[in-house]
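Inside the fold
One-letter residues, chain by chain:
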Amino acid sequence: MNLVHLEAWHDSGFLSALDWQFAAAMQRLQPAWSAELVTLAALCSRQAARGHTLLDLRALKASPSRVLGEGDGHPLCAWAAAAAWDEASLVDQCGPMGPLVVADGCLFLRRHYDDEAHIQHYLSARLADRYPVDAQSVATAVAVLFGEAEGTATDWQRVACLVSLEAAFSLITGGPGTGKTTTVVRLLALIQHMAMAQQGVPQRIGLAAPTGKAATRLAESIAKQVAGMDFTGLAPGVRASLPSSADTLHRLLGLSSAQPRGRYADAAKLPLDWLIVDEASMIDLRLMARIVDSLGPDTRLVLLGDPDQLASVEAGAVLGQLTASSAPAAFEPAQCARLEALGAGPVEVAGAAPSGMGAVWAHLKVSHRFDHRSGIGALAKAVNQGHGEHAWTLFEEFADIDLTPDMSVAVERCVQRTADMIEQSRDERDPGWPRACVDRLSEFQVLAAVRAGAGGVMVFNQAVEHALVARFGRSEIAQWYVGRPVIMTRNQPNLGVMNGDLGLCLPRAVDGVERLQVAMVANGVLRWFPLSAMQGVETVYAMTVHKSQGSEFAESALLWPRDRSGLLTRELVYTAITRARRRFQLVGADPTEFARACSRRVNRVGRLKG
């Protein structure tokens, strides 16, 4: 079998080393496969690296440039246009248990086909399941938690809470500041009130998120909400029964290289009555399959997230695909009446036809963070709607969003922050100084679309450190130095440190000797770690937008990679903008490139449907 064309594609950078090696392995292990199928296997692997879970064979033949994301004259597209494969023959070659699957005119990696089928089976079985509650008891508790319903407008937080209360599976979505955490805290209180009032025993509730940073932020946000709530009128013990911590999904499910299916894939299931998962836009196909694997027959699942944010790094866009084929609040009239009886107040139905996913999906629409005076809110809305030219004009209209021509201002700001810490460390310090320094990390963060190259993370970090060396000398700015911000790139559960956690190198007196250590804040508590324990850390004056998901900052700046602006998409720009609470800066962008990015959507192909 002649695969010279694949080798040439790999040498030219059209195929990754993984794509090429996968095809070569299939050639060795599947000698009966045709050259066309081996080539399609390489393209299927390439699609997976781009986030897709399948290769649409019919679309590939009809429009190779659209499927492969390359120009019509590209070698990959030219091969697809000229190749002659027979779908029935491909089915026969793949066989019933092979590494590839042909179904419905599409080619799948076996693991993606099985995972999608598993999730779809779960949804088919659970979407219609309901757990009825006593309407009067719930309505009374809802009035305590939300107050009496007033006016004619729908309170989507109430609706979301009540939809999830009776559903086996539910979605609560919304942009930043729309009250997802507020809704969840009231849902938790309502769940435990009903359980304590009727059975005298609280429900077992788990909180989780895809990353350690997101899990920490979820727990902290819930704790802050609970601290300010009045539980008078609810069953005794509700406050104490609310979960106070959150896990990463990998830790909760016991996922590891040694246990890729986790601890609960077989007979033993996750010992929970409810699992509530935040930042669901970050969940990839494989992880979602492991979640549903772990659930017992009566464990309820609630997913929270913003479907307009960036999708997962790995293949699949679970939240995006589940919400793409339906509309939120697609309720039957009987369901509207039921929600009103539970204390929702007036319920506005979607214009769409009732659907299974729409019946368990509530979308929060009102931003409590960005009002009509907020440029960040207006900019995020315009970008999310694909109105790039209009979005650009907003920089002249609002004071809280800025355009800057280059990264020099952001570099100087980061340099000055670290310089302040270096100079302050030389003097006698207040006991609260370390915590104040760590808190400064959340005041300003530079974001980038790429790691390397102009406008990338590495170039920005190097620019800051070069400026620091020029100011303080190489002896002061070594590998570890006062004020160096770091981000964890791997989980260290033995230390309670997770991928994405931020820390700061600061001096600390240990046994009477001042040493550099890394300080981090977790659940409101300052923690210290010796440098020798910090495995897999990187300097983080800038971080990728992907890494920033699950975080928020008082101010943020997005570096625009001029030479690779084609990598920017609507979802990436929207995600970067919504990391900022008070001020957002766009660095080095061009209006034409910006408008193109806003019109460029991530469209991951898969067969998962709500």
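What you see is a predicted model, and the numbers here were worked out from it, not measured in a lab.

**Looking at the overall build of the protein**
Broken down by element type, the protein carries 25 helices and 19 strands. Taken over C-alpha atoms, the radius of gyration comes to 26 Å for the protein, in line with the 25 Å a tight globule of 610 residues would show. When the backbone C-alpha atoms are referred to their principal axes, the protein occupies close to 70 × 70 × 50 Å. The buried share among the 610 residues of the protein stands at 55%. Restricting to contacts in the protein with at least 6 residues of sequence separation, those with at least 24 account for 74%. When the accessible area of the protein is evaluated, it comes to approximately 25700 Å², of which 51% is carbon and sulfur surface. Each charge class in the protein was averaged separately, 58 positive and 63 negative side chains, and the resulting centres sit 3 Å apart.

**Quick word on the packing of helix α2 (residues 17-29) against helix α3 (residues 35-49)**
Helix-helix packing is characterised by the crossing angle of the two axes and by the distance between the axes. Taken N-terminus to C-terminus, the directions of α2 and α3 make an angle of 145 degrees; their axes are 8 Å apart at the nearest point. α2 and α3 meet at a crossing whose hand is right-handed. Residue-level inspection shows L18, D19, F22, A23, M26 and Q27 of α2 in contact with α3, the latter providing V38, A41, A42, S45 and R46.

**Details of α2**
One turn of the α-helix equals 3.6 residues, which is why residues spaced by three or four share an orientation. Between the first and last C-alpha of α2 there are 18 Å, a value that for 13 residues agrees with the 18 Å anticipated at 1.5 Å per step. The set of residues buried in α2 consists of D19, W20, F22, A23, A24, A25 and M26. For α2, the secondary structure elements touched by its buried residues are α1 (4-11), α3, β2 (100-103) and β3 (106-109).

**Structural notes on the UniProt feature "domain: RecBCD enzyme subunit RecD N-terminal" (unreviewed entry) in the protein**
UniProt records the feature "domain: RecBCD enzyme subunit RecD N-terminal" (unreviewed entry) for residues 12-107 in the present numbering. The span residues 12-107 is 57% helical and 8% strand by assignment, and the distance between its end C-alpha atoms comes to 24 Å.

**Here's the deal with the sheet that holds strand β10 (residues 401-404)**
Here we have five strands laid out as an open sheet, ordered β10-β19-β18-β11-β17, and parallel in their pairing. Each end of this open sheet is capped by a strand with a single partner; those strands are β10 and β17 (542-544). For this sheet, the mean angle separating the axes of adjacent strands, direction not counted, is 30 degrees. Judged from the four bridges that link them, β10 and strand β19 (residues 580-587) form a sheet pairing that is parallel. Of the residues in β19, the one forming a bridge with D402 is Q585. Sheet strands touched by helix α19 (residues 388-397): β10 and β19. Its angle to β10, the strand with the most contacts, is close to 100 degrees. Set on the sheet, helix α22 (residues 457-472) makes contact with β11 (444-448), β17 and β18 (553-559); between it and β17 the angle comes to about 170 degrees.

**Considerations on helix α21 (residues 433-440)**
Three or more residues of α21 are buried, namely W433, P434, C437 and V438. Along α21, the residues classed as buried sweep out an arc of 135 degrees about the axis, all on the same side. Contact partners of the buried residues in α21: α20 (408-425), β13 (502-510), β14 (513-522) and β15 (525-530).

**Looking at the pattern of salt bridges**
Tallied over the entire structure, the rule returns 24 salt bridges. Ionic pairing is found between E555 and R413, a salt bridge with its closest N-O pair at 2.8 Å. Of the two residues, E555 sits in strand β18 while R413 sits in helix α20, which places them 142 residues apart along the sequence. For R413, a relative accessible area of 33% gives the class partly exposed. In this structure, a network of salt bridges that share partners links the residues D115, R286, R290 and D293.

Conventions used here
Residues numbered from 1 in each chain as written. Predicted model: local features only at pLDDT ≥ 70, side-chain atom pairs only at ≥ 80, totals over all residues. Heavy atoms only, no water. Helix = DSSP H or I, 4+ residues; strand = E, 2+ residues; numbered from the N terminus. Rg over C-alpha atoms; globule rule 2.2 N^0.38 Å. Buried < 20%, exposed > 50% of the residue type's maximum accessible area, 1.4 Å probe, protein only. Contact = heavy atoms within 4.5 Å. Areas by Shrake-Rupley, 256 points an atom, 1.4 Å probe, with all protein chains shown as cover. Lys, Arg positive; Asp, Glu negative; His and termini not counted. Charge placed at Lys NZ, Arg CZ, Asp CG, Glu CD. Axes fitted to C-alpha atoms, helices over the stretch in contact; angles between N-to-C directions. Left-handed = near helix turned anticlockwise from the far one by under 90°. Expected span 1.5 Å × (residues − 1). UniProt positions renumbered as here; feature names shortened; annotations may be inferred. Pairing = 2+ DSSP bridges. Arc of directions from axis to C-beta. Salt bridge = Lys/Arg side-chain N within 4 Å of Asp/Glu carboxyl O.

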